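Structure assessment
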Amino acid sequence: MKLTEQQWQQRLTEEQYRVTRLKGTEYPFTGQLLHHTADGTYHCICCGAVLFSSDTKFDAGCGWPSFYQALEGRVKYHTDTSHGMQRTEIVCSNCDAHLGHVFEDGPAPTGQRYCVNSVSLRFQHATKT
């Protein structure tokens, strides 16, 4: 999904734009989805692509929603050397929205912690059958 910067600014709130398009970070412990525990899926706020399942969400105590696994093929990885650190940035594979970072200190079975900005996600409840 390719939009101009002006189109993204019209489509997103100021905070969503700052985080997803300018690679910002929301303040820790402020995100609406931090303590969210309902069953469902987490989608990219920019394009709607499904990125994470609630089955992989856990409380890492870091101040941002955390997942131990992304849905296969839904996230791309980039080396991020900003702020004097070397981290792995995660972005939506469909629209390149900045989501957060992934770290190697998560729980089993993957050992990974996808640390994601709430503002970059939209939650969709699981459908009841």
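Cut-offs applied
Residues numbered from 1 in each chain as written. Predicted model: local features only at pLDDT ≥ 70, side-chain atom pairs only at ≥ 80, totals over all residues. Heavy atoms only, no water. Pairing = 2+ DSSP bridges. Helix = DSSP H or I, 4+ residues; strand = E, 2+ residues; numbered from the N terminus. Axes fitted to C-alpha atoms, helices over the stretch in contact; angles between N-to-C directions. Buried < 20%, exposed > 50% of the residue type's maximum accessible area, 1.4 Å probe, protein only. UniProt positions renumbered as here; feature names shortened; annotations may be inferred. Phe/Tyr/Trp six-rings, centres within 6.5 Å; stacked < 30°, edge-to-face > 60°. Lys NZ or Arg CZ within 6 Å of the ring centre and 35° of its normal. Contact = heavy atoms within 4.5 Å. Salt bridge = Lys/Arg side-chain N within 4 Å of Asp/Glu carboxyl O.

As a further point, take the sheet that holds strand S2 (residues 50-53). Read across the open sheet, the three strands follow the order S2-S1-S9; overall the sheet is antiparallel. Two strands in the sheet have a free side with no partner beyond their single neighbour: S2 and strand S9 (121-125). Recorded for the sheet is a direction-independent mean angle of 30° between the axes of neighbouring strands. Here strand S1 (residues 40-44) pairs with S2 via three bridges, running antiparallel. Its bridge partner being in S2, histidine 43 is matched across the sheet by valine 50.

The omega angle of the peptide bond from alanine 108 to proline 109 is 10°, so this bond is cis rather than trans. Inspection of the secondary structure puts proline 109 in the loop between strand S7 (98-103) and strand S8 (113-116). Positive phi, normally seen in glycine, also occurs at lysine 23, with a value near 65°. Secondary-structure assignment places lysine 23 in the loop between helix H2 (14-20) and S1. The phi torsion at phenylalanine 29 lies on the positive side, around 65°, for a residue other than glycine. For phenylalanine 29, the position within the fold is in the loop between H2 and S1. Given a relative accessible area of 54%, phenylalanine 29 falls into the exposed group.

What follows covers the UniProt feature "domain: MsrB" (unreviewed entry) in the chain. Cross-referencing UniProt, the feature "domain: MsrB" (unreviewed entry) maps to residues 5-126 in the present numbering. Overall, residues 5-126 shows 11% helix and 33% strand. The separation of its end C-alpha atoms is 32 Å.

In the structure shown here, the tally under the stated rule is five aromatic pairs. Grouped by ring-pair contacts, the aromatic residues Tyr42, Phe52, Phe67, Tyr77, Tyr114 and Phe123 constitute a single cluster. Sitting over the face of the ring of tryptophan 8, arginine 21 holds its NZ or CZ atom 4.0 Å from the ring centroid.

Within the UniProt annotation, "binding site: Zn(2+)" (unreviewed entry) is assigned to Cys44, Cys47, Cys92 and Cys95. Maximum C-alpha separation among the annotated residues is 8.8 Å over a sequence range of 52 residues, consistent with a single clustered spot. Following the sequence through the fold, cysteine 44 ends up in strand S1. We classify cysteine 44 as buried; its relative accessible area is 1%. Beyond its immediate stretch of four places on either side in the chain, cysteine 44 contacts Ala49, Leu51, Cys92, Cys95, Ala97 and Ser120. Within the element layout of this structure, cysteine 92 appears in strand S6 (residues 87-92). The class for cysteine 92 is buried, based on a relative accessible area of 0%. If sequence neighbours within four positions are ignored, cysteine 92 has contacts with Cys44, Cys47, Ala49, Leu51, Arg74, Lys76, Ala97 and Leu99.

Further remarks concern the pattern of salt bridges. Summed over all chains, the structure comprises six salt bridges. The shortest N-O distance in the salt bridge between arginine 18 and glutamate 15 comes to 2.9 Å. A residue pair is termed a helical-turn pair when its members lie 3 or 4 positions apart in one helix, as arginine 18 and glutamate 15 do in helix H2 at three residues. Here arginine 18 falls in the partly exposed class, since its relative accessible area comes to 30%. The residue arginine 113 makes a salt bridge to aspartate 105 at a minimum N-O spacing of 2.8 Å. Salt bridges here are not isolated pairs; linked through shared partners, they connect Lys2, Lys76 and Asp96.

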